[in-house]
Amino acid sequence: MLALGAASLLAASAVGPTAVAAPAEPRPSVALDWYDTTAQTIAAAGAPTQVTNSRTWAVSWLAGARATRQVPTGVDRDDYQDAALASAVHSSLTTLAPSRTEQLDAAFRRTLDGIPDGPAEDRGVAAGEREARSVLASREGDGLDPASVDAPFTVPPAAPGVWQPTPPAYAPATQYGNRVARPFALAAPDQFRLGPPPAPASRRYRSDLAEVRAYGAADSARRTAHQTETANFWYGSSLTLYTEPLRVALSRSAGSVAERAKLVALFHIASVDTQIATSDSKYAYLRWRPVTAIRTGAIDPDPDWTPLHNTPAHPDYPSGHNTYAGAAEEILSALTGPRTAPFELTSPTAPGVTRTYTDWHRLTAENVDARILSGIHTRSADEAGVTLGKRVAGYVLRASGHLLR
């Protein structure tokens with residue numbers, strides 16, 4: 001093909017001069033650049049509480065989505081939207097993660113170097129800064145700072161079904177303060193409060209507990225190697241585990257910069273509101289964890305039973321990993337479709353393991369199984385979590401017009 005192209009060019013030049021335009025370089029994706037910059041910023045300077053980091057994503061990208069939504073007349077649309085998104089996310093992140101200002105400033109300069117100087121760039125930068133200030137001001141005092149999230153909780157007296165601190169650390173309860181934090185979209189944290197979990201003496205709960213006892217024990221003879229891998233794979237932070245799937249969806253989106261910013265913003269708004277709603281239901285029902293039920297319960301207690309993974313320090317019902325998974329699936333399916341081309345995913349808690357997915361639901365299904373196989377949740381808590389996450393995310397999608405203004 002190179003020889004044919006050269007011959008054709010020579011033939012053309014023999015006839016007369018012909019202008020041959022060099023192929024245009026593809027425009028870099030500012031949305032992907034700032035997605036990666038946001039992820040790097042949170043990895044380097046993030047808060048110790050997951051919901052606080054989700055808030056950082058939500059604030060930054062909500063500002064970006066608002067700034068890019070309306071393009072002024074008389075300016076280049078792409079230049080304006082690229083400048084607006086970069087400016088909004090940069091301004092938000094330098095406020096929320098000031099220790100990364102030097103790196104963020106450098107990233108912002110690189111973005112602006114790729115945009116032609118002129119009114120589109122200037123007005124985009126101004127819009128981004130304006131929306132960042134507006135969103136940051138609107139979220140002041142929302143109760144999603146680490147101290148508020150992990151507000152002190154008084155453990156109730158021990159009783160059948162009632163949450164108690166769990167081994168080995170018997171740590172104080174976490175995430176109690178989430179239940180009084182201010183959501184982005186929900187009218188109140190209890191707007192979608194779940195119905196009560198199965199009663200401790202019910203057939204459903206006995207079945208749930210038997211499943212965890214058999215498959216979630218550290219020394220389980222029933223759990224297969226693949227199931228152990230599933231438990232390990234999904235044991236880490238949901239925010240971390242879903243950063244790559246959301247990036248895959250973003251990179252494959254054919255939408256405008258504004259539509260891509262909307263995807264990221266609504267995903268993280270839904271994740272914040274879901275975590276708030278999760279803590280509302282958890283602390284409304286205070287359901288004990290499987291390790292407590294199996295060790296001390298009236299149904300054939302086994303004081304030496306140990307789960308595969310250490311149990312997080314908050315109640316069982318519903319599973320937070322699964323509320324997050326349900327919300328993620330709902331947003332990704334609604335905005336990008338339920339299926340996608342194959343993509344690979346790794347996990348920091350399963351070194352050397354790579355899994356391939358072609359739809360968002362599969363991630364949810366594996367989360368449901370993983371928390372049972374880890375020995376830290378019942379199936380009823382996992383399935384209720386998925387339901388709650390989808391309800392919250394569905395509400396966020398319906399409220400998107402108001403959120404994005």
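Quick caveat: nothing in here was measured; it's all calculated off a predicted structure.

### Considering the layout of surface pockets
Right, so step 1: If you add up the space inside the largest pocket, you get close to 880 Å³.
Right, so step 2: Considering the residues around the largest pocket, the lining is formed by 40 residues, among which Gln50, Gly236, Ser237, Ser238 and Leu239 are closest to the centre.
Right, so step 3: Of all the elements in the fold, those that place two or more residues in the lining of the largest pocket are α2 (30-45), α3 (50-69), α10 (238-241), α11 (243-252), α12 (257-285), α14 (320-336) and β1 (339-346).
Right, so step 4: Each residue belonging to the lining of the largest pocket can be placed in one class, and the counts come to 16 nonpolar, 20 polar and four charged.

### What to know about the environment of Ser92
Right, so step 1: Topologically, Ser92 is positioned in helix α4 (residues 77-96).
Right, so step 2: On the accessibility criterion, Ser92 (0% relative accessible area) is buried.
Right, so step 3: Note: C-alpha distance between Ser92 and Ser134 (42 residues apart in sequence) is 10 Å.
Right, so step 4: For Ser92, the residues in contact, after removing those within four places along its chain, are Val59, Ser60, Ala63, Ala132 and Leu136.

### Re helix α5 (residues 101-113)
Right, so step 1: For α5, with 13 residues, the first-to-last C-alpha span of 18 Å sits near the 18 Å given by 1.5 Å per residue.
Right, so step 2: For α5, the secondary structure elements touched by its buried residues are α2, α4 and α6 (119-138).

### Focus: the pattern of salt bridges
Right, so step 1: Under the counting rule described, the total for this entry stands at 15 salt bridges.
Right, so step 2: Notably, a salt bridge pairs Arg247 with Asp36, separated by 2.7 Å at the nearest N-O pair. Pair noted here: Arg247 is in helix α11 and Asp36 is in helix α2, with a separation of 211 residues, a long-range link.
Right, so step 3: Since its relative accessible area comes to 23%, Asp36 is described here as partly exposed.
Right, so step 4: Ionic pairing is found between Arg55 and Asp142, a salt bridge with its closest N-O pair at 2.7 Å. On the criterion of sequence distance, the pair formed by Arg55 in helix α3 and Asp142 in the loop between α6 and α7 (146-149) is long-range, its members being 87 residues apart.
Right, so step 5: Using a relative accessible area of 12% as the deciding quantity, one classes Arg55 as buried.
Right, so step 6: Among the charged side chains, a salt-bridge network with shared partners connects Glu229, Arg355, Arg362 and Glu366.

### Focus: the packing of α4 against α5
Right, so step 1: Interaxial distance between α4 and α5 falls to 10 Å at its minimum, and their mutual angle equals 175°. By the angle class used here, α4 and α5 are roughly antiparallel. Between α4 and α5, the residues in contact are Asp82, Ala86, Ser87, His90, Leu93 and Thr94 and Thr101, Leu104, Asp105, Phe108 and Thr111, respectively.
Right, so step 2: Of the residues assigned to the contact of α4 with α5, the class counts are four nonpolar, five polar and two charged.

### Describing the nonpolar core
Right, so step 1: Core analysis: the biggest nonpolar cluster contains 88 residues, and Trp34, Trp61 and Trp234 have the highest contact counts within it.
Right, so step 2: Top contributing element to this core by residue count: α12, with 12 residues.
Right, so step 3: Filtering out sequence-adjacent residues up to four positions away, Trp234 remains in contact with Leu241, Tyr242, His321, Leu345, Tyr357, Leu363, Glu366, Asn367, Ala370 and Arg371.
Right, so step 4: With 10 residues, the next largest nonpolar core counts Val212, Ala217, Trp305 and Ile372 among its residues.

### A look at the side chain of His309
Right, so step 1: Looking at the secondary structure, you find His309 in the loop between α13 (290-296) and α14.
Right, so step 2: Among the residues examined, His309 registers a relative accessible area of 10% and is labelled buried.
Right, so step 3: A distance of 2.8 Å separates a polar atom in the side chain of His309 from a polar atom in the side chain of Asn232.
Right, so step 4: If we skip the residues at most four places from it in the chain, His309 touches Ala231, Asn232, Tyr235, Ser374 and Ile376.

### Considerations on unusual backbone geometry
Excluding glycine, residues mostly have negative phi values, and the peptide bonds linking residues are mostly trans.
Right, so step 1: In this structure, the amide linkage connecting Pro167 to the following residue, Pro168, adopts the cis form with an omega of 0°.
Right, so step 2: Position of Pro168 relative to the elements: it lies in the loop between α7 and α8 (203-215).
Right, so step 3: At Tyr170, a position not held by glycine, the phi torsion is positive, near 50°.
Right, so step 4: With respect to the element layout, Tyr170 can be found in the loop between α7 and α8.
Right, so step 5: The phi dihedral of Leu286 is positive, around 50°, even though this residue is not glycine.
Right, so step 6: Structurally, Leu286 is set in the loop between α12 and α13.

### Considering α8
Right, so step 1: For α8, with 13 residues, the first-to-last C-alpha span of 18 Å sits near the 18 Å given by 1.5 Å per residue.
Right, so step 2: Within α8 the residues assigned to the buried category are Tyr205, Asp208, Leu209 and Val212. Considered in projection along α8, the buried side chains sweep an arc of 95° and stay on one side of the axis.
Right, so step 3: Along its buried surface, α8 packs onto α13, α15 (361-373) and α16 (379-398).

### Thoughts on the confidence of the model for the protein chain
Right, so step 1: Looking at the protein chain, pLDDT values average 93 and 93% of them are 70 or higher.
Right, so step 2: The low-confidence segment residues 1-25 (pLDDT under 50) makes two contacts with residues lying over four places distant or belonging to another chain.

### What to know about the packing of aromatic side chains
Right, so step 1: Tallied over the entire structure, the rule returns 14 aromatic pairs.
Right, so step 2: A centroid spacing of 5.9 Å and a plane angle of 75° characterise the contact between Tyr285 and Tyr317, whose relative ring orientation is edge-to-face. You can see Tyr285 sitting in helix α12 and its partner Tyr317 sitting in the loop between α13 and α14, a full 32 residues away along the chain.
Right, so step 3: When the ring centre of Tyr205 is taken as origin, the NZ or CZ atom of Arg287, which lies over that ring, is 4.9 Å away.
Right, so step 4: The ring of Phe233 carries the charged tip of Arg355 above its face, separated from the ring centre by 5.4 Å.

Each value, and the rule that gives it
Residues numbered from 1 in each chain as written. Predicted model: local features only at pLDDT ≥ 70, side-chain atom pairs only at ≥ 80, totals over all residues. Heavy atoms only, no water. 1 Å grid on protein atoms, 1.4 Å probe; cavity = no way out; pocket = protein on both sides within 12 Å on 5 of 7 lines; lining within 4 Å. Points joined across faces, edges and corners; volume = space filled by probe spheres on them. Helix = DSSP H or I, 4+ residues; strand = E, 2+ residues; numbered from the N terminus. Nonpolar A, V, L, I, M, F, W, Y, C, P; charged D, E, K, R; others polar. Buried < 20%, exposed > 50% of the residue type's maximum accessible area, 1.4 Å probe, protein only. Contact = heavy atoms within 4.5 Å. Expected span 1.5 Å × (residues − 1). Salt bridge = Lys/Arg side-chain N within 4 Å of Asp/Glu carboxyl O. Axes fitted to C-alpha atoms, helices over the stretch in contact; angles between N-to-C directions. Parallel < 35°, antiparallel > 145°, perpendicular 65-115°, else oblique. Core = buried A, V, L, I, M, F, W, Y, C linked by side-chain atoms within 4.5 Å. Polar contact = N/O pair within 3.5 Å; in protein donor to acceptor, adjacent residues only side chain to side chain. Arc of directions from axis to C-beta. pLDDT = per-residue confidence, 0-100. Phe/Tyr/Trp six-rings, centres within 6.5 Å; stacked < 30°, edge-to-face > 60°. Lys NZ or Arg CZ within 6 Å of the ring centre and 35° of its normal.

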